[in-house]
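# Secondary and tertiary structure notes
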Amino acid sequence: ISPTISVGGALFSASPLTMIGTEVINNYAYEGGGVHGSSSMTLTAVHVLSNTAEARGAGLDQNWLGGDDLAFWVYATDTYFENNVALTSYGGAIRVAGNAALTRTQVISNSAAGLGGGMYVQYDVVLYDTQILSNTASSGGGIYQNVAGRQVTVTGGRIAHNAARVGGGGGLLTHSTLTMSDTHILTNTCSQWGGGVYLDGASANANWSAVNLIGNRAGQSGGGLYVGDASAHVTVTGGLWEGNIAE
């Protein structure tokens, strides 16, 4: 595979990639300022800090240049993404054209000019005890999940202090079913709909248990949660919803 644009400021890999205990700091490329992979990727105890992409995936970019990425996964465990910037497009810390699973990972203070300040993921997302904090984007300040009819599963952790500057989903915007348990959605903001979470489309269902939405703010509707389609199904069990504001 020969990319026709600059990808992978520190590392480009066309084959499956495993990184353990590596620091990826202050690199630049058009896509994948830190790391670009065209297959599945596994990161354990990796620090991805202060990388820049002109377009997508400033910290980490997964995209098979030959076509569909549905079969590919990015796994990150005990890994840290901070202060990565996508200057003109999406995926401030992470852009995944396949699926992503993060365990005990921190995604903090990243930004994108477009969608997904912390993470932009095409298909399935799995988060376990993961912190998505203080990221900014146009929509989906913390997380933007793109393709409808998939699964987003969040267990534990926090999605907090993220901001969508132009659109909706300060903390998280998804087009797929969002299953969450024992999760805190705190003080996220957006200019339009869904300060905490925006469920966008008929496939954006929700099944939540013991989820706390506290102190989120939307410039228009749904300070804590905005459900954008009448066909979506939402079930909420337990949790505390307090101090959310729709202006």
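Only a predicted model underlies this, so the values are computations on that prediction, with no experimental measurement involved. (Residues numbered from 1 in each chain as written. Predicted model: local features only at pLDDT ≥ 70, side-chain atom pairs only at ≥ 80, totals over all residues. Heavy atoms only, no water.)

### Thoughts on the overall build of the chain
Note the cut-off: A run of DSSP states H or I qualifies as a helix once it reaches four residues; a run of E qualifies as a strand once it reaches two. Both are numbered from the N-terminal end. To get the radius of gyration, use the C-alpha atoms; to get the globule rule, take the number of residues to the power 0.38 and multiply by 2.2 Å. Note on exposure labels: buried denotes an accessible area under 20% of the residue type's maximum, exposed denotes more than 50%, and partly exposed covers the range between, all computed with a 1.4 Å probe on protein chains only. Whether two residues are in contact is decided by their heavy atoms: any pair within 4.5 Å suffices. Throughout, the Shrake-Rupley method with a 1.4 Å probe supplies accessible areas, and for residues the shown protein chains are the sole cover considered. The charge count treats Lys and Arg as positive and Asp and Glu as negative. His and the chain ends do not count. Think of each charge as sitting on NZ of Lys, CZ of Arg, CG of Asp or CD of Glu.
A tally of helices and strands in the chain yields zero helices and 36 strands. Relative to the globule expectation of 18 Å for 247 residues, the C-alpha radius of gyration of the chain, 16 Å, shows essentially globular dimensions. Principal-axis analysis of the C-alpha atoms places the extent of the chain at approximately 50 × 30 × 30 Å. Split into buried and exposed, the 247 residues of the chain put 53% on the buried side. Contacts spanning at least 24 positions in sequence make up 78% of the contacts within the chain whose residues lie at least 6 apart. Approximately 8,900 Å² of the chain is accessible, and the part contributed by carbon and sulfur atoms is 50%. Separation of charge centres in the chain, based on 7 positive and 15 negative side chains, amounts to 2 Å.

### Topic: the sheet that holds strand E2 (residues 17-20)
Note the following rule: By definition, two strands form a pair when at least two bridges between them are found by DSSP. Between N-to-C directions, angles cover 0 to 180 degrees, with each direction set by a line fitted to C-alpha atoms, over the stretch in contact for helices.
With parallel pairing, nine strands are arranged side by side in an open sheet as E2-E6-E10-E14-E18-E22-E26-E30-E34. A strand with exactly one partner marks an edge of an open sheet, and here the two such strands are E2 and strand E34 (234-237). In this sheet, adjacent strand axes meet at a mean angle of 5° when their direction is disregarded. Taken together, the four bridges between E2 and strand E6 (residues 41-44) define a ladder with parallel strand orientation.

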